[in-house]
There are 2 protein chains.
Amino acid sequence: MSQFSLRYAPLNLPLRHTFTISRWSRDVAANVLVELEGDGIIGIGEASPNARYDESQESCMKWLSSFDTSTLKNPFDVETVLQAMERMGPGNYSAKVALEMALYDWIGKKLQVPLYDLWNAPSNVGPQTCFTVGIDKTENLPDRVAEAAAYPVLKIKLGTDRDKEIIKTIRSVTDKPIWIDANEGWKDLDTAKDHIRFLADQNVHMIEQPMPASMKKELAELKAYSPIITMADESFTGRESVEELAACFHGINLKLMKTGSLRRTMQLIHTGRNAGLKIMIGCMIESSLANTAAALISLWCDYADLDGHLLINEDPFKGLAFNESNNVFLPQRPGLGVIPR
Amino acid sequence: MSQFSLRYAPLNLPLRHTFTISRWSRDVAANVLVELEGDGIIGIGEASPNARYDESQESCMKWLSSFDTSTLKNPFDVETVLQAMERMGPGNYSAKVALEMALYDWIGKKLQVPLYDLWNAPSNVGPQTCFTVGIDKTENLPDRVAEAAAYPVLKIKLGTDRDKEIIKTIRSVTDKPIWIDANEGWKDLDTAKDHIRFLADQNVHMIEQPMPASMKKELAELKAYSPIITMADESFTGRESVEELAACFHGINLKLMKTGSLRRTMQLIHTGRNAGLKIMIGCMIESSLANTAAALISLWCDYADLDGHLLINEDPFKGLAFNESNNVFLPQRPGLGVIPR
C-alpha cells in the first residue's frame, strides 16, 4: 500500500436561524473537513467539535496534525487503526470519527462498493426522520410548525418554563407525532412525572433526556413510570456502559461525534439491542458529509434524527436524502457516496 | 481484477455415530468443497446439500459448474454477485452459500482482515452453544448425557412417542439447561400444549419447531400459550417473510444452507430483530469450514447451535472453537480464518 496523505481545514457552516436549545445559542457551526488520499483516491470526513466535550475547531485540527499516517499500513484493517487512535488518549472524538469516516469512505471508493453494501445493510433506506422545531416565542410557533409542513414527525425541544404552553400551541395547529427533547430540562422527579403525564395523551412517541444526566436514581424511577419511551442523550457521552444506560432509559441516542467512531457505534448498536435498548441515531449541526455517515448507521437503528444539514445555509455536500415518508436513504455510490454540491 | 478460477469436489464426512432424528438416519454427510482462486489467493467454502430441499452432492456440483466466474468482475461487490446467483433461479441454496462463503473468505484474505472485523462485529466471541443428544434407547441416554459432560447446554431431539420418558431420564442424571428440538413431532395442539406444560418446569429454555410447519394457525396459538420461547426451524425454509414467522414463533433458527447466503442471513437478522424475533443460528452436519461461517453469523445472534462439526469423525478443517463456558469464538485470522487441520 502506498503512503496516505492527510489534509484538514476549517469547515464553517453558517446557520439558517440562530439555533437555541436550553443551554446555548449559536449562528455558525465551526466544523472541520478531513481528506485522506492514497492510491489516487480521496476519502472525506467531517468533525463537528463540541465545546461541551472540550473540543474546538483548533483542538480538532491539532489532534489531526498529530496523527501518524503510517498507522494506515493496512488501510482495510480499521480495527488496528482505531486502536492506534485510542492509544493516542481519550477525547478528541469528533476528530477521531472524522478521520475514520474518511478512511471508510476511502475503503468503499477503493473497493467500488457503497459502505452499506460492504457492511451488509438490509437496504439503503433507514428509519423515518424527524424535523426539529427550535424553541421560539409562543406566537412564532405556528409559523415554525408551518415551515415543517413537509415533515411527518416533529421534534420539539422542551425544558423551558412554558413546556405545556409550547405543546398546547403546537397541538392547536397539528396532530403529527412528536418526539420530545427535554435536554435535561426537568430538574426533579415530580416535574418530570407531571410533564410526562401531560404528554402521554399528546401523541408523543419518545422523550430524550427528561432529566439531568447526574440524576441516575430518578431517571431509573422515571423509566419504570413513563408510558412514553425515554432515551439517553446527554447521559450518553460516548463511554458509558450499555448496562448502565439500560438501567435508566428505554433507549439511547447515539451520535458519532460522541462515540468517536462509526465502527464502535455499529458495535454499540448490537450490544445495546442485546440489552433491550431501542436505538436512535442523532447528529450535531453538520453538513451532508457527516450526516450521511450518520444516515449509514441509521440503517441499523429504530429512530433517526438527521436534520443537522437542513439547519445550515449552504450545504457544501450532497449525500443522504429523504423519501416521501421522510425515511432517510443513502446514495447508491461507492464509499459514503457523498459528493460536492 | 484478474480472472477467478472456481474448483469444487465432493467432501464426504463420515459421522461418529449413525445420526437419527424423527425423519431419517445417516452415517455420512455428502458435502461439497468449493475453492475460488484469484490473485494467488484461495477462498474456501462448503455446501451441505439436503435432500429435503431437493439438493444433492451432484446437483450442487452441477450448479457450481454452471456459474459464470466473469460475474466476479468486482469481487468486493458481493451484492452484484448475489443478484447474479439469484437470477440463475431458485434452489441450490447450499451451492450458492458455499460459493459466496469462498468469495467472502477470499475478500477477507485479500484485504488481510478477519470477516468479523470487516463486518464490525462487537467481538470475535459469540453466544453459548448447545450440544445435541441424539434420540437413542432410553437405557443408553445416561451414557449419551455423560458423553456431553463438557457442554453446559444440551439440545434434546423430541417428537417421539416417549418424549416425557426421555426428559425424565435425562433429568435423572443432569439439571443442565435444555433446548428442545421437536422436529415437527407434535401433531396436534393438545399434544403440543401438554408437552410444553410438562417441559415448563424442567429448565427448558426454548423449543424448536414444536408442530408441523403447515400448521400455522396452531403454531400461532401455541406461541401465545407457551411460557417457553418457540423457534421456527422447518417453518423457515429460507424464503418466508419475517412477519409470517413472527406471527407463529418467538424466534427463528437460521441456517446458511437454507438461506443460501451469509449476506442475506445478516440482513435477515436485522429485519428479524426489528420484528421482535429472537435469533438463533444453526447448522447442518458439516465440517469446521461451513460451521465457522455459521459461527461468524452467530456473533449477531442470541443463540447458537454449532455442533455439526463435532458429529463427524475426521474434521478436515480447523476454525471455530469454544471457550470454557462453551461460547463459540472465531479464529483471529484473515477471511473466515479456516485452515486445514
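Residues numbered from 1 in each chain as written. Chains lettered and ligands numbered in written order. Predicted model: local features only at pLDDT ≥ 70, side-chain atom pairs only at ≥ 80, totals over all residues.

**Remarks on the overall build of chain A**
Across its full length, chain A carries 12 helices and 16 strands. A globule of 341 residues ought to have a C-alpha radius of gyration of about 20 Å, and chain A, at 20 Å, matches this closely. Its C-alpha atoms give chain A principal-axis dimensions of about 60 × 40 × 40 Å. Relative to its 341 residues, chain A shows a buried fraction of 52%. Intrachain contacts of chain A at a sequence separation of at least 6 include 67% that bridge at least 24 residues. (Helix = DSSP H or I, 4+ residues; strand = E, 2+ residues; numbered from the N terminus. Rg over C-alpha atoms; globule rule 2.2 N^0.38 Å. Buried ≥ 20, exposed ≤ 12 C-beta atoms within 10 Å, placed from the backbone. Contact = placed C-beta atoms within 7 Å.)

**Comments concerning the relation of the copies chain A and chain B**
Note on the identical chains: chain A maps onto chain B by a rotation of 180 degrees and an axial translation of 0.0 Å, with an RMSD of 0.0 Å. On this basis, the relationship between the two copies can be described by a two-fold rotation axis. Scanning chain A for the C-alpha nearest the rotation axis identifies Trp119(A), at a separation of 2.7 Å. Both copies present the same face, since 100% of the interface residues in chain A are matched by interface residues at the equivalent positions in chain B. (Least-squares fit on C-alpha atoms with pLDDT ≥ 70 in both.)

**Some remarks on unusual backbone geometry**
Of note, Asn183(A) is a non-glycine position whose phi angle comes to about 45 degrees, a positive value. In this structure, Asn183(A) sits in the loop between β7 (178–181) and α7 (189–199). Positive phi values are uncommon outside glycine, yet Asn203(B) reaches one of about 55 degrees. With respect to the element layout, Asn203(B) can be found in the loop between α7 (189–199) and β8 (204–208).

**Points about the pairing of strand β6 (residues 154–157) of chain B**
Residues and elements named next belong to chain B. Sheet topology note: the strand β5 (residues 131–133)/β6 ladder contains three bridges and is parallel. Bridging from a neighbouring strand, Val 133 pairs with Ile 156 of β6. The parallel pair β5 and β6, bridged by helix α5 (residues 141–147), forms a crossover whose chirality is right-handed. Sheet topology places β6 next to strand β7 (residues 178–181); four bridges connect them, and they run parallel. Counted as the bridge partner of Leu 154 is Ile 178 from β7. (Pairing = 2+ DSSP bridges. Right-handed = clockwise from strand over helix to strand, strands pointing away.)

**Looking at the sheet that holds strand β14 (residues 321–322) of chain A**
What holds strands together in a sheet is hydrogen bonding between their backbones, with the strands either parallel or antiparallel. All names here are of chain A. Taken together, the three strands give an open sheet; going across it, the order is β4-β15-β14, and neighbouring strands pair in antiparallel fashion. For this open sheet the edge positions go to β4 (125–128) and β14, each flanked by a neighbour on one side alone. By the bridge criterion, two bridges tie β4 to strand β15 (residues 327–329) in an arrangement that is antiparallel. Directly across from Val 125, in β15, lies its bridge partner Phe 329.

**Notes on the environment of Trp106(B)**
Residues and elements named next belong to chain B. One can find Trp 106 in helix α3 (residues 93–111). Residue Trp 106 is classed as buried on the basis of its C-beta count, with 27 C-beta atoms lying within 10 Å. With residues up to four places along the chain from it excluded, the contact list for Trp 106 reads Leu 36, Gly 38, Ile 41, Gly 43, Pro 75 and Gly 335.

**So, the interface of chain A and chain B**
For interface size, the figure often reported is the accessible area lost on association. Listed by partner, the interface residues are 18 residues for chain A and 18 residues for chain B. Among the elements that line the side of chain A that touches chain B, the one with the most residues is helix α11 (residues 262–274) of chain A, at six residues. Taken together, the residues of the side of chain A that touches chain B break down into seven nonpolar, six polar and five charged. (Nonpolar A, V, L, I, M, F, W, Y, C, P; charged D, E, K, R; others polar.)

**Focus on the packing of α7(A) against helix α8 (residues 216–225) of chain A**
Residues and elements named next belong to chain A. For the pair α7 and α8, the least separation of the axes is 10 Å and the interaxial angle reads 25 degrees. Between α7 and α8, the interaxial angle falls into the category roughly parallel. Here α7 runs over α8; the crossing is right-handed. Taking contact as the criterion, the partners of Leu 189, Ala 192 and Lys 193 in α7 are, on α8, Glu 218, Glu 221, Leu 222 and Tyr 225. Considered class by class, the residues forming the contact of α7 with α8 number four nonpolar, no polar and three charged. (Axes fitted to C-alpha atoms, helices over the stretch in contact; angles between N-to-C directions. Parallel < 35°, antiparallel > 145°, perpendicular 65-115°, else oblique. Left-handed = near helix turned anticlockwise from the far one by under 90°.)

**Re the packing of helix α2 (residues 78–87) of chain A against helix α3 (residues 93–111) of chain A**
All names here are of chain A. Closest axis-to-axis distance for the α2/α3 pair is 11 Å, and the angle between their directions is 160 degrees. The angle between α2 and α3 places the two elements in the roughly antiparallel class. Between α2 and α3 lies a crossing whose hand is right-handed. On α3, the residues that touch Val 78, Val 81, Leu 82 and Met 85 of α2 are Lys 96, Glu 100, Leu 103 and Tyr 104.

**Some details on the domain arrangement of chain A**
Residues and elements named next belong to chain A. Entries for chain A in the domain assignment read domain 1 (5–112) and domain 2 (118–340). Taken together, the contact pairs 33 residues of domain 1 with 31 residues of domain 2. Only β1 (5–20), β2 (25–38), β3 (41–47), α2 and α3 provide two or more residues apiece to the side of domain 1 that touches domain 2. With 12 residues, α3 is the largest single contributor of residues to the side of domain 1 that touches domain 2. (Domains from an automatic or database assignment.)

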